Amino acid sequence: MMMKNCMDINECERDPLLCRGGICMNTDGSFECICPPGHELTAEGNTCIDINECSLSDNLCRNGRCVNVIGTYQCSCDSGFQATPDRQGCVGECSSKGSFQSLGVSSSQRWMILLCTATPNIDECEDNPEICDGGQCTNIPGEYRCLCFDGFMASLDMKTCIDVNECDLNPNICLHGECENTKGSFICHCQLGYFVKKGTTGCTDIDECEIGAHNCDMHASCINVPGSFKCKCRSGWLGDGLKCNDLDECATEEHKCNLNANCVNTPGSYRCACRDGFNGDGFSCSDVDECADNVNLCENGQCLNAPGGYRCECEMGFNPTEDSKASMVGTIPSPFQIPSSPTCPQPAPCAKPTQPSCQAYPHTTCALLHLCPLL
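Each residue is numbered by its place in its chain's sequence as written, counting from 1. Local features in this predicted model are restricted to residues whose pLDDT is 70 or higher, and side-chain atom pairs enter the listing and the counts only when it is 80 or higher, whereas totals over whole chains, interfaces and linings include all residues. In computing side-chain values, all of the structure's heavy atoms are included and hydrogens and water are not.

Observations regarding the overall build of the protein chain
Under the scheme used here, helices are H or I runs from DSSP no shorter than 4 residues and strands are E runs no shorter than 2 residues, and both carry numbers assigned from the N terminus. Helix and strand counts for the protein chain come out as six helices and 32 strands. Here the term buried applies to any residue with accessible area under 20% of the maximum for its type, exposed to any over 50%, and partly exposed to those in between, with areas from a 1.4 Å probe on protein chains only. For the protein chain, the residues scored as buried account for 30% of the 375 residues in total. Residue contacts are defined here by distance: any two heavy atoms, one from each residue, within 4.5 Å place the two residues in contact. A separation of at least 24 residues holds for 18% of the contacts in the protein chain among residues at least 6 apart in sequence. What sets the accessible areas is the Shrake-Rupley method with a 1.4 Å probe; for residues, cover comes only from the shown protein chains. Carbon and sulfur atoms make up 54% of the accessible area of the protein chain, which totals about 24800 Å².

As structure tokens, then:
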């Protein structure tokens, strides 16, 4: 008994686009996508997408507004509040920038009036419009922070926007091409036969057959393949696809014509025509019974049907023509001759032993009946 072994298929190597946005891990019989923090798998289980934490909870960024960023979220705090160091919360100004001053103390009621004083606010966003290059500057009392655009990420102190190198982040982002990082984005320089399709990332195969960008022969079929195309001559034609010549099926006997039909070559094909004496479409031919179709054939004889034709079996005194399709008066050795008149005279008694006896036959054809007996 022959044993067969089953080997695991590494889906991650076969399809580099699996687990886009994450890491593809091959497993026995399958694969697993490991997503970075702040990401989750799609329903199909083959792509990691960003989680919008702001839409998951209304309790984030109390005293401020939640802003979703790739992999996490940040808080845009209300006036009088500032972001915590991790930028995921808002606290009052006095808790970090201001100071408390005593305005009075009551020993009897043991209370103290405190005044929160903050240093004068400077609007860094207005003073330096380019301070958050690659993002939007938001002024808050005592400082500012940057909300970065797509393609940028905020620094730890949220005071600058750093370009994200998509080429390093995802080596397969320009599959079938070379990735070039640009400020806030990237460019794919695709290989020959690929292009960047609008609305997609990476390089997409060009279907040369669909857009007519091929040099296949007019009698060939264009077959698209990744990054290129192939040409194949159609049935009835021979060649490499770039040049196709007619196949003469009749000469090579690569036809299905009936044995009683003639093969006629045509460009890219052939046709069949039944020979004389046969009926049909050329692929199937049946004999024509000429004797049954025309009872007037073989005058002075009997019509006999034959494959593809007929022949005449003549009556006594008549010979068949060269094509055997009619009867003619037989030749009588001298001195007997057939009368030259188309109509024979009435029979006369035999005057001499050698005198022939004649009788009129239909259609003015005469036949020698017999010789007079010897007296």
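Considerations on the pairing of strand E16 (residues 185-190)
Alignment of strand E15 (residues 177-182) against E16, held across six bridges, turns out to be antiparallel. Residue pairing for E16: threonine 182 is matched across the bridge by serine 185. Whether two strands pair depends on DSSP finding at least two bridges between them.

Observations concerning the layout of surface pockets
Considering only enclosed or pocket space, the largest pocket measures out at about 1400 Å³ in volume. Residue classes in the lining of the largest pocket are distributed as 26 nonpolar, 15 polar and eight charged. Only protein atoms enter the 1 Å grid used here, on which a cavity is any set of points holding a 1.4 Å probe that cannot leave and a pocket is any open set flanked by protein within 12 Å on both sides along at least five of seven lines; residues with an atom within 4 Å of a point are listed as lining. Grid points are joined across faces, edges and corners, and a volume is the space filled by probe spheres set on the points. The space that makes up the second largest pocket amounts to roughly 170 Å³. Together, 14 residues line the second largest pocket, and Ala83, Thr84, Pro85, Glu143 and Asp157 are the ones closest to its centre. Counting only elements with at least two residues in the lining of the second largest pocket, the list comes to strand E7 (81-83) and strand E12 (143-148). Of all the elements, E12 adds the most residues to the lining of the second largest pocket, at three residues. By the convention adopted, Pro, Cys, Tyr, Trp, Phe, Met, Ile, Leu, Val and Ala count as nonpolar, Lys, Arg, Asp and Glu as charged, and the other residues, Gly among them, as polar. Tallied by class, the residues present in the lining of the second largest pocket amount to six nonpolar, two polar and six charged.

With respect to the confidence of the model for the protein chain
Each residue carries a pLDDT value, the predictor's own confidence for that position, ranging from 0 to 100. For the protein chain, the mean per-residue pLDDT works out to 80, and 77% of the residues sit at or above 70. Averaged pLDDT values for the elements of the protein chain fall to 42 in strand E32 (residues 370-371) and rise to 96 in strand E19 (residues 220-225). Counting interchain partners and residues more than four positions distant, the pLDDT-below-50 stretch residues 95-115 has 28 contacts. Scored below 50 in pLDDT, residues 332-375 shows 41 contacts in the model against residues more than four places distant or in partner chains.

Focus: the pattern of salt bridges
Only one rule defines a salt bridge in this text: a Lys or Arg side-chain nitrogen within 4 Å of an Asp or Glu carboxyl oxygen. Overall, the coordinates contain two salt bridges when judged by the stated rule. The residue lysine 159 makes a salt bridge to glutamate 143 at a minimum N-O spacing of 3.4 Å. With lysine 159 in the loop between strand E13 (152-154) and strand E14 (161-163) and glutamate 143 in strand E12, this residue pair connects regions lying 16 residues apart in the sequence. A relative accessible area of 18% means that glutamate 143 is categorised as buried.

Observations regarding the state of the cysteines
Disulfide: a pair of cysteine sulfur atoms within 2.5 Å of each other. For the coordinates displayed, the defined rule picks out 20 disulfides. The disulfide partner of cysteine 54 is cysteine 66, and the S-S distance across this bridge is 1.9 Å. Given an S-S torsion of about -75°, the disulfide between cysteine 54 and cysteine 66 has left-handed geometry. One end of the pair, cysteine 54, is in helix H2 (residues 53-56); the other, cysteine 66, is in strand E5 (residues 64-69), with twelve residues separating them in the sequence. Of the residues examined, cysteine 54 reaches a relative accessible area of 17% and is grouped as buried.

Quick look at the UniProt feature "domain: EGF-like" (unreviewed entry) in the protein chain
UniProt positions are given in the numbering used here, feature names are shortened, and annotations may be inferred rather than shown by experiment. The positions that UniProt labels "domain: EGF-like" (unreviewed entry) are, in the present scheme, residues 8-49, 50-91, 121-162, 163-200, 205-245, 246-284 and 287-324. For residues 163-200, the helix share is 11%, the strand share is 39%, and the end-to-end C-alpha distance is 21 Å. Taken end to end, residues 246-284 is 0% helix and 41% strand, and its first and last C-alpha atoms sit 25 Å apart.

Points about the packing of aromatic side chains
Geometry of aromatic contacts follows a simple scheme: Phe, Tyr and Trp rings, the Trp one being its six-membered ring, pair when their centres are within 6.5 Å, and the pair is stacked under 30 degrees between planes, edge-to-face over 60, tilted otherwise. All chains considered together, the criterion is met by one aromatic pair. Taking NZ or CZ as reference, lysine 159 lies 4.5 Å from the ring centre of tyrosine 144, over its face. Only when the NZ atom of a Lys or the CZ atom of an Arg is both within 6 Å of the ring centre and within 35 degrees of the ring normal do we say a charge sits over the ring.

Quick word on the nonpolar core
Residues Cys125, Ile131, Cys132, Cys137, Tyr144, Cys146, Cys148, Phe152, Ala154, Met158 and Cys161 constitute the largest nonpolar core, which totals eleven residues. Only E12 and E13 provide two or more residues apiece to this core. Counting residues per element, this core draws most heavily on E12, at three residues. If we skip the residues at most four places from it in the chain, cysteine 137 touches Cys125, Ile131, Cys132, Tyr144 and Arg145. In these notes, a set of buried Ala, Val, Leu, Ile, Met, Phe, Trp, Tyr and Cys residues joined through side-chain atoms within 4.5 Å is what counts as a nonpolar core.

Regarding the environment of cysteine 216
Among the structural elements, cysteine 216 can be located in the loop between helix H5 (208-211) and E19. Residue classification places cysteine 216 among the buried residues on the basis of a relative accessible area of 12%. As for cysteine 216 and glycine 241, which are separated by 25 residues in sequence, their C-alpha atoms are 5.8 Å apart. Beyond its immediate sequence surroundings of up to four residues, cysteine 216 is in contact with Ser221, Cys222, Phe229, Lys230, Cys231 and Gly241.

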